[in-house]
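# Observations on the three-dimensional arrangement
Below are the chains, spelled out letter by letter.
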Amino acid sequence: MQIASFRQRLLSRVPLAGTFLKTPALQLIEVLSQSDLDFVCLDAEHAPFDRSAIDACCAMGRALDFPVLVRVGDGSAREILQALDCGAVGIVVPHVDSATKAAEVARAASVPRLT
């Protein structure tokens with residue numbers, strides 16, 4: 001239920017606690033899921049997360065119903081979509097310093113929904 005309610009909890013502005021993870025090891029997702037944290041953010045900007053490590057960590061998060069975000073290396077559509085394709089619940093995009101850049105990120109992260 002944590003993943004299903006994460007977006008609503010985020011939008012309701014209730015305080016959430018999370019941490020950045022800089023070690024690409026899915027076992028750490030399992031350990032952190034047992035804590036009082038609400039989410040974890042994989043730091044793919046400053047740490048050696050490749051696509052397979054992101055995929056494995058996101059899969060572990062889904063299996064344990066623990067939200068996993070990914071801080072992408074940059075705001076390119078390729079980086080954003082790869083993180084979302086791996087199953088990230090959300091993304092953190094560095095260096096967004098204007099409304100124009102924020103709009104570009106939002107467009108890149110938009111995934112058509114099937115009805």
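All figures in this text were calculated on a predicted structure; none of them were measured in a lab. (Residues numbered from 1 in each chain as written. Predicted model: local features only at pLDDT ≥ 70, side-chain atom pairs only at ≥ 80, totals over all residues. Heavy atoms only, no water.)

## Considerations on the packing of helix 2 (residues 26-33) against helix 3 (residues 51-63)
As a reminder, the rule being used: Every axis corresponds to a line fitted to the C-alpha atoms, with the helix fit spanning only the stretch in contact, and the corresponding angles, defined between N-to-C directions, vary from 0 to 180 degrees. By definition, any uninterrupted DSSP run of H or I lasting at least four residues is a helix, any uninterrupted run of E lasting at least two residues is a strand, and each is numbered from the N terminus. An angle counts as roughly parallel when it lies under 35 degrees, as roughly antiparallel when it exceeds 145, as roughly perpendicular when it falls between 65 and 115, and as oblique in every other case. A crossing counts as left-handed when the near helix is turned anticlockwise from the far one by less than a right angle, and as right-handed when that turn is clockwise. In what follows, a contact means two residues having at least one pair of non-hydrogen atoms within 4.5 Å. When residues are grouped by polarity, Ala, Val, Leu, Ile, Met, Phe, Trp, Tyr, Cys and Pro land in nonpolar, Asp, Glu, Lys and Arg in charged, and all others, Gly among them, in polar.
Put simply, helix 2 and helix 3 touch, their axes get as near as 8 Å, and they point 30° apart. Comparing their axes, helix 3 and helix 2 come out roughly parallel. In this structure, helix 2 crosses over helix 3, and the sense of that crossing is right-handed. In contact with Leu26, Ile29 and Glu30 of helix 2, helix 3 contributes Ala56, Cys57, Met60 and Gly61. Grouping the amino acids of the contact of helix 2 with helix 3 by side-chain chemistry returns five nonpolar, one polar and one charged.

## Observations concerning the sheet that holds strand 4 (residues 90-92)
Applied cut-off: By this definition, two strands are paired if DSSP reports at least two bridges between them.
Sheet architecture is open: four strands sit in the order 1-2-3-4, paired in parallel fashion. Edge positions in the sheet fall to strand 1 (18-21) and strand 4, since each of these pairs with one other strand and no more. Strand-to-strand twist in this sheet, taken as the mean axis angle between neighbours without regard to direction, amounts to 30°. Note that strand 2 (residues 39-43) and strand 3 (residues 68-71) share four bridges and pair parallel.

## Quick word on unusual backbone geometry
Cut-off, in case you're wondering: Whether a residue is buried, partly exposed or exposed follows from its accessible area with a 1.4 Å probe, protein chains only, as a fraction of its type maximum: under 20%, in between, or over 50%, in that order.
Located in the positive-phi region is aspartate 65, a residue other than glycine, with phi close to 55°. As for its position among the elements, aspartate 65 is in the loop between helix 3 and strand 3. Looking at aspartate 65, the relative accessible area reads 24%, which means it is partly exposed. The phi angle at histidine 95 is positive, at roughly 65°, despite the residue not being glycine. Considering the arrangement of structural elements, one finds histidine 95 in the loop between strand 4 and helix 5 (99-109).

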